[in-house]
Amino acid sequence: MNEEIVISLKGMTKDFGALKVLKGIDLDIKKGEVVALIGPSGSGKSTLIRCLNMMESPTGGDFYFMGSKIASTFKGKGDETGIGELRRRVGMVFQHFNLFPHRNVLENICMGPKTVLKQPKVEAEKYAMELLAKVGLADKHNAFPSHLSGGQKQRVAIARALAMRPDVMLFDEVTSALDPELVGEVLQVVRSLADSGMTMILVTHEMAFAADIADRVIFLEDGFISESGTPEDVLVHPKSERLQAFLARYHN
Amino acid sequence: MYQWDFYTVMQSMDLFLSGLTVTFTYTIGSIALGVVFGLLAAFARLSRFFVLRLLARSYQELFRCTPLLVQILWAFYALPLLLGFTISNKIAGLMTLSLYVGAFYGEIFRGGINAIDKGQTEAGAAVGMSNGQIMRNIIMPQAIKKMLPAFINQSVIQVKNTSLLYAISVAELTYMTYVVNGETYRPLESYTIAAIMYFMLLFPLTQFADLFERRMRRSD
């Protein structure tokens, strides 16, 4: 059961016009696995994670979620899973939070469950309050996003993604836009989520954090997976010179 | 020294009031229809289909780059020659005013929608919302705030633009003033009353717009 493959990519490519960003990615992610994507800017790690919920549509290759092929349309047809259903089951947290400024914290969290899952208001709000307690912001349920710190906004954004009860969570550089002193509170929430057994893929520049929580670290370079393995393999005993040079910048 | 004589003109107050009512009716009617045309134009301009974008663009530029008075005269006097049947001055007037303001509304709506950060759309998409749900629940509520000042401004201009319908004898305020003046030979009093009536109709509207804008800004 633990070996169940949740996400499977076979030869995935992504072009932006003439620019080839992903040049053939093969990747299987198992249930409960925590995968950290690292790499220099322009290596394609953000594009890759954004393909995992079809925020970007891949140019080529195959993408399977829970064994079912992902359709290119919002609604799936036949055996294929539609983009809409994929996104319901794969949560995403963004670098810039993207909270809805016209809605308070509780409404931000309940919007997905109410509009997409058609949950009754009471039920959605009850679960939202549980999640807010989990991220340590139960007292902020009435606040508007503009009244929150960056760290608080990001914790609300995590709760908003969790409200859909996703099978997988994607974290796209979720601490990169935060003041250094606010990074810790967000990482703590991400860590507790990893501990709870959530399948997670994260793009991060926090190498120590990646080493700490990831089961597997993937080094992306120039649109390819160039190294992949345990944090020990990749971060402590890097094989390629490029990875060594990349890591050296974080160790001083 | 000019002898003001409002008394004579005031005898025709019922004509002024009926003109004001007609002005009000054309304003509301053309704004309502204009919103429909504007929304169609805005969404067509934002569409991924080239033909829709081209059609909307052509409509907007045609109406924005020709004078409204020419459009009104053309719709009433020239268009029937092409169609082979007459169009009443009411229909020609209402449709022209609506299409005209719709062209401007389209730009206002499009600008408001474009002003919303792409991350908002992505956040909605990330929880599985459809494009329609994103538009209704996330983009529009925020975009309307951004559109409102320009929308009210254009609507104020629209109230005044209804006066051009006098050229095709629609019995709105300016036309009725023309009628009263013809009966009383008191242009100073007649047109002063008309101006005051337009002012009284619009001044509360601009004040309300300012108030509303301040409210909106506070809630940001």
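Scoring rules and cut-offs
Residues numbered from 1 in each chain as written. Chains lettered and ligands numbered in written order. Predicted model: local features only at pLDDT ≥ 70, side-chain atom pairs only at ≥ 80, totals over all residues. Heavy atoms only, no water. Pairing = 2+ DSSP bridges. Helix = DSSP H or I, 4+ residues; strand = E, 2+ residues; numbered from the N terminus. Axes fitted to C-alpha atoms, helices over the stretch in contact; angles between N-to-C directions. Contact = heavy atoms within 4.5 Å. Core = buried A, V, L, I, M, F, W, Y, C linked by side-chain atoms within 4.5 Å. Buried < 20%, exposed > 50% of the residue type's maximum accessible area, 1.4 Å probe, protein only. Phe/Tyr/Trp six-rings, centres within 6.5 Å; stacked < 30°, edge-to-face > 60°. Lys NZ or Arg CZ within 6 Å of the ring centre and 35° of its normal. Buried area = accessible area lost by both parts, 1.4 Å probe. Salt bridge = Lys/Arg side-chain N within 4 Å of Asp/Glu carboxyl O. Polar contact = N/O pair within 3.5 Å; in protein donor to acceptor, adjacent residues only side chain to side chain. Patch = residues over 30% accessible without salt bridge, like charges linked within 9 Å, V, L, I, M, F, W, Y side chains within 5 Å. Areas by Shrake-Rupley, 256 points an atom, 1.4 Å probe, with all protein chains shown as cover.

## Thoughts on the sheet that holds strand β7 (residues 168-172) of chain A
Residues and elements named next belong to chain A.
- Strand order in this open sheet of six strands is β6-β7-β8-β3-β9-β10, and the pairing throughout is mixed. The open sheet has two edge strands, β6 (90-93) and β10 (224-229), and neither has a second partner. Strand-to-strand, the axes of this sheet are offset by a mean angle of 20°, without reference to chain direction.
- Sheet analysis places strand β9 (residues 216-221) next to β10, joined by five bridges and oriented antiparallel. Directly across from Glu221, in β10, lies its bridge partner Phe224.
- The sheet strands contacting helix α5 (residues 150-162) are β6 and β7, and the helix crosses β6 at an angle near 170°.

## Remarks on the nonpolar core
- Counting residues in each nonpolar core, the largest one holds 60 residues, and the members touching the most others are A:Ile7, A:Leu9 and A:Ile201.
- Looking at this core element by element, the count peaks at eleven residues for helix α7 (residues 131-161) of chain B.
- Counting 53 residues, the second largest nonpolar core, distinct from the first, contains A:Ala143, A:Leu202, A:Phe209 and A:Phe246.

## What to know about the packing of aromatic side chains
- Overall, the coordinates contain twelve aromatic pairs over all chains when judged by the stated rule.
- Between B:Tyr2 and B:Trp4 the ring centres are 5.8 Å apart and the planes differ by 90°, which places this aromatic pair in the edge-to-face class.
- The exposure class of B:Trp4 is partly exposed, given its relative accessible area of 48%.
- Here the aromatic cluster, defined as three or more aromatic residues joined through ring pairs, consists of B:Tyr2, B:Trp4 and B:Phe6.
- Stacked on the ring of A:Phe16, the Lys or Arg A:Lys14 has its end atom at 4.9 Å from the ring centre.
- In this structure, A:Arg165 is placed above the aromatic ring of A:Tyr127, and the distance from its NZ or CZ to the ring centre is 3.7 Å.

## Some thoughts on the interface of chain B and chain A
- Contacts between the two partners involve 18 residues from chain B, matched on the other side by 24 residues from chain A.
- When chain B packs against chain A, close to 1600 Å² is buried across both sides, 60% of that on carbon and sulfur atoms.
- Ranking the residues of chain B by area buried against chain A places B:Glu122, B:Ala126 and B:Val127 at the top, with a combined share of 31%.
- For the interface between chain B and chain A, the tally reads one salt bridge.
- A salt bridge links A:Arg50 to B:Glu122, with the nearest nitrogen and oxygen atoms 2.7 Å apart.
- For the pair chain B and chain A, the number of links is six residue pairs in polar contact (both at pLDDT 80 or more).
- Broken down by element, the residue count for the side of chain B that touches chain A peaks at seven residues, all from helix α6 (residues 118-126) of chain B.

## Quick look at unusual backbone geometry
All names here are of chain A.
- Notably, Phe97 is not glycine yet its phi reads approximately 60°, a positive angle.
- By the secondary structure assignment, Phe97 is in the loop between β6 and α3 (105-115).
- At Asn98, a position not held by glycine, the phi torsion is positive, near 55°.
- By the element assignment, Asn98 lies in the loop between β6 and α3.

## Considering the sheet that holds strand β2 (residues 19-30) of chain A
Residues and elements named next belong to chain A.
- Taken in spatial order, the four strands of this open sheet run β2-β1-β4-β5, and their pairing is antiparallel. At either margin of the open sheet sits one strand with a lone partner, and together these are β2 and β5 (68-69).
- Pairing of strand β1 (residues 5-16) with β2 involves nine bridges; the strand directions are antiparallel. Residue pairing across strands places Asp15 opposite Lys20, the latter belonging to β2.

## Quick look at a nonpolar patch on the surface
All names here are of chain B.
- Where nonpolar side chains cluster on the molecular surface, the patch consists of Phe49, Phe50, Val51, Leu52, Leu54 and Leu55 and spans about 630 Å² of accessible area.
- Turning to its location among the elements, Leu55 is positioned in helix α3 (residues 50-64).
- Looking at Leu55, the relative accessible area reads 55%, which means it is exposed.

## Observations regarding the environment of B:Ile157
All names here are of chain B.
- Looking at the secondary structure, you find Ile157 in helix α7.
- Relative accessible area serves as the criterion here: at 33%, Ile157 is assigned to the partly exposed category.
- When the C-alpha positions of Ile157 and Val101 are compared, they lie 9.2 Å apart, and in sequence the two are 56 residues distant.

## Focus: the pairing of strand β3 (residues 34-38) of chain A
All names here are of chain A.
- Across the five residues of β3, five count as buried, placing the element largely inside the fold.
- Alternating residues of β3 divide into Val34, Ala36 and Ile38 and Val35 and Leu37, and every residue in both groups is buried.
- Two strands pair when backbone bridges link them, and β3 and strand β8 (residues 199-203) are joined in this way by four bridges, in the parallel orientation. Within the sheet, the bridge partner assigned to Ala36 lies in β8 and is Leu202.
- In the sheet, β3 pairs with β9 via four bridges, with the strands oriented parallel. Residue pairing across strands places Ile38 opposite Phe219, the latter belonging to β9.

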